[in-house]
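Architecture and fold: a report
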Amino acid sequence: MTATHPIISRLQAKRVKEKSRLFAKHPHLEHFLRERGLDLSRIREHSVKIIGASALTASFLLTPPTNFKGLPIPQEIIDKLRLRQQGMPEPNPKGMIIEAIQEILPEKLRPLSHEEEKLLEQLIEKLLGIKTRATLEGEHLNTTYGLIGAEQHLRRYPGDTLSHHGKGETLEEGMAPGLGAWGHFATSKAELTSSLEEKERWYAVVQTMYLPDWKRRLPYLRDWYRYRKVLIVNTQNGNAVVAAIADAGPAAWTGKHFGGSPEVMQVLGGLHYKKGPVLIFFVDDPENQVPLGPVDYTKGAV
Amino acid sequence: MSKVFYDQLITLDEIEHVINLTALSPSEKEELWRIIDEIIHHRVIGCILDNLPAHHHHDFLNRFHHAPHDEELLAYLSEKTGKDIEHLLKEEIVTLKQELIEEFQGKQHKPKRFLSAKKVRKQNSQKQPARKKKKINQH
């Protein structure tokens, strides 16, 4: 049996104290929760179920299958953007994706509707030439539109140090003292392939721990998400990068929904980019043809 | 999406930074996130119930139970409390953040029985005149 980290023990004690204090002061709250089989500690799971049920009801009962809620079709958007760019000497695919995204995305951050996600998938494929899916093989993230935050380098094998992660400004972010959610990338330095090196360099963090069925389907989901390719698009400047999921997080109380390696963050927003809104879609790439790293707009399908 | 209506008011970046500096296994890190999340829920609901008139408690809890993600609950609470509930919750979170940082630093509040000698003398000197006065009255 492994010893519990002291900070976990201290915070467990604090949690008990907070709970007791709350129920002592408001005993009717405890009664209310008990009657409904609700636990404040599990309120996020309860919320996920409610949101999921509402979305399902809306899609079955309220929304006719052909109705795109007034959203334009992808070709319409592209034609309109092409028209706007007619006076320009060269087509600007990045400008087109920024405009297209802004036309579709809501003003406030929120999970996108199925229709909005479908429209974005088609636009991304047309403008970037990358086939992406919000739902891939039946799996969907809690949100595809949210805030990304800067993460540190991950330890790739036992004994790995920051100096082995190359050179440059991205080293300033440092190395996480703990391991990523899937542990080391390789069991030793000798086992570290260039493919695994790339995965650490271009890694993404998603909130797998808040997936509604994460605990129930853990063995399957853990393998499914490990190194799963995602396309991340900065919705403010259009910068895009293909990354591999290699860690779980960030915690809900950070206000962020995703994380990016120092290299990912540099591509998305430059050296001092720490946080910003992004789109994240799974890359549908069964043949492993799409390389990790920055998306080259000149190779797009426009 | 994992969401609760007060999420937008909570950004504990400093706590995240402290956790990132602590050597934890992935499962320990997730456990810590979960514990902090639970502490936040209890603290926020406590703050709401403390400020909301008692006759609205049941209505609020019902609404919260049926749509924990509904941001309209903030407007509802502001109306029923007659206070700037967002500001109150943010203040509560600032206090909690400080407490959590102290937990990470391993600081413990000094129990009253371990008062410093100086404070004990001060307390005694404040109590003595009252005792004398009582004796005088008895005579």
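Residues numbered from 1 in each chain as written. Chains lettered and ligands numbered in written order. Predicted model: local features only at pLDDT ≥ 70, side-chain atom pairs only at ≥ 80, totals over all residues.

Remarks on the overall build of chain B
Looking only at helices and strands, chain B has six helices and zero strands in total. Listed by position from the N terminus, the elements making up chain B come as α-α-α-α-α-α. Taken over 139 residues, chain B has a buried fraction of 29%. For chain B, the proportion of contacts with a sequence separation of at least 24, taken over those separated by at least 6, is 75%. (Helix = DSSP H or I, 4+ residues; strand = E, 2+ residues; numbered from the N terminus. Buried ≥ 20, exposed ≤ 12 C-beta atoms within 10 Å, placed from the backbone. Contact = placed C-beta atoms within 7 Å.)

Things to note about the overall build of chain A
Counting its secondary structure elements, chain A contains nine helices and 10 strands. Each of the 302 residues in chain A was classed as buried or not, and the buried ones make up 38%.

Brief notes about the interface of chain B and chain A
With 43 residues of chain B at the interface, the matching set in chain A holds 47 residues. It is helix α2 (residues 26-51) of chain B that provides the largest number of residues to the side of chain B that touches chain A, a total of 19 residues. Residues of the side of chain B that touches chain A, tallied by class, amount to 20 nonpolar, 11 polar and 12 charged. (Nonpolar A, V, L, I, M, F, W, Y, C, P; charged D, E, K, R; others polar.)

Examining the domain arrangement of chain A
In terms of domain boundaries, chain A breaks down into domain 1 (13-62) and domain 2 (124-299). Taking only C-alpha atoms into account, the centre of domain 1 of chain A sits 31 Å from that of domain 2 of chain A. (Domains from an automatic or database assignment.)

Regarding the nonpolar core
In this structure, A204, I232 and A243 of chain A together with I36 of chain B are the most contacted members of the largest nonpolar core, which totals 89 residues. With 10 residues, the top contributor of residues to this core is α2 of chain B. Each of domain 1 (13-62) and domain 2 (124-299) of chain A contributes no fewer than three residues to this core. Beyond its immediate sequence surroundings of up to four residues, I36 of chain B is in contact with L11, A251 and W253 of chain A together with I15 and L100 of chain B. (Core = buried A, V, L, I, M, F, W, Y, C linked by C-beta atoms within 7 Å.)

With respect to the pairing of strand β5 (residues 203-206) of chain A
Residue and element names in this part refer to chain A. Here β5 shows no split at all, with Y203 and V205 on one side and A204 and V206 on the other all buried. For β5 and strand β7 (residues 240-248), the ladder comprises four bridges, and the chain directions are parallel. Residue pairing in the sheet places A204 in a bridge with I245 of β7. Inspection of the sheet shows β5 paired to strand β8 (residues 258-260) by three bridges, in the antiparallel sense. Bridge pairing in β8 links V206 to F258. (Pairing = 2+ DSSP bridges.)

Some thoughts on unusual backbone geometry
All names here are of chain A. The omega angle of the peptide bond from G249 to P250 is -15°, so this bond is cis rather than trans. In this fold, P250 is placed in the loop between β7 and β8. Despite not being glycine, Y227 shows a phi value in the positive range, around 60°. Positionally, Y227 belongs in the loop between α8 (218-225) and β6 (229-234).

What to know about the packing of helix α1 (residues 13-21) of chain B against helix α5 (residues 85-105) of chain B
All names here are of chain B. Orientation of α1 relative to α5, taken along the N-to-C sense of each, is 15°, at an axis distance of 10 Å. Looking at the two axes, α1 sits roughly parallel to α5. The hand of the α1/α5 crossing is left-handed. The segment α1 lies against α5, with E14, I15 and V18 engaging K97, L100, I101 and F104. (Axes fitted to C-alpha atoms, helices over the stretch in contact; angles between N-to-C directions. Parallel < 35°, antiparallel > 145°, perpendicular 65-115°, else oblique. Left-handed = near helix turned anticlockwise from the far one by under 90°.)

Concerning the environment of L88 of chain B
All names here are of chain B. Among the structural elements, L88 can be located in helix α5. L88 gets classed as partly exposed once you count the C-beta atoms within 10 Å, which come to 19. Beyond its immediate sequence surroundings of up to four residues, L88 is in contact with C47, N51 and K83.

Considering the pairing of β6 of chain A
All names here are of chain A. When you tally the buried positions in β6, you get six out of six residues, the bulk of the element. The alternating pattern of β6 places K229, L231 and V233 and V230, I232 and N234 on opposite faces, both of which are buried. In this sheet, β7 lies alongside β6 in antiparallel orientation, the contact comprising five bridges. Bridging from a neighbouring strand, L231 pairs with V242 of β7. With antiparallel pairing between neighbouring strands as the criterion, β6 and β7 make up a hairpin whose turn holds five residues, including G238 at a positive phi of roughly 80°. Where β6 lies against strand β9 (residues 275-283), five bridges are found, and the strand directions are antiparallel. For L231, the partnering residue across the bridge sits in β9 and is F281.

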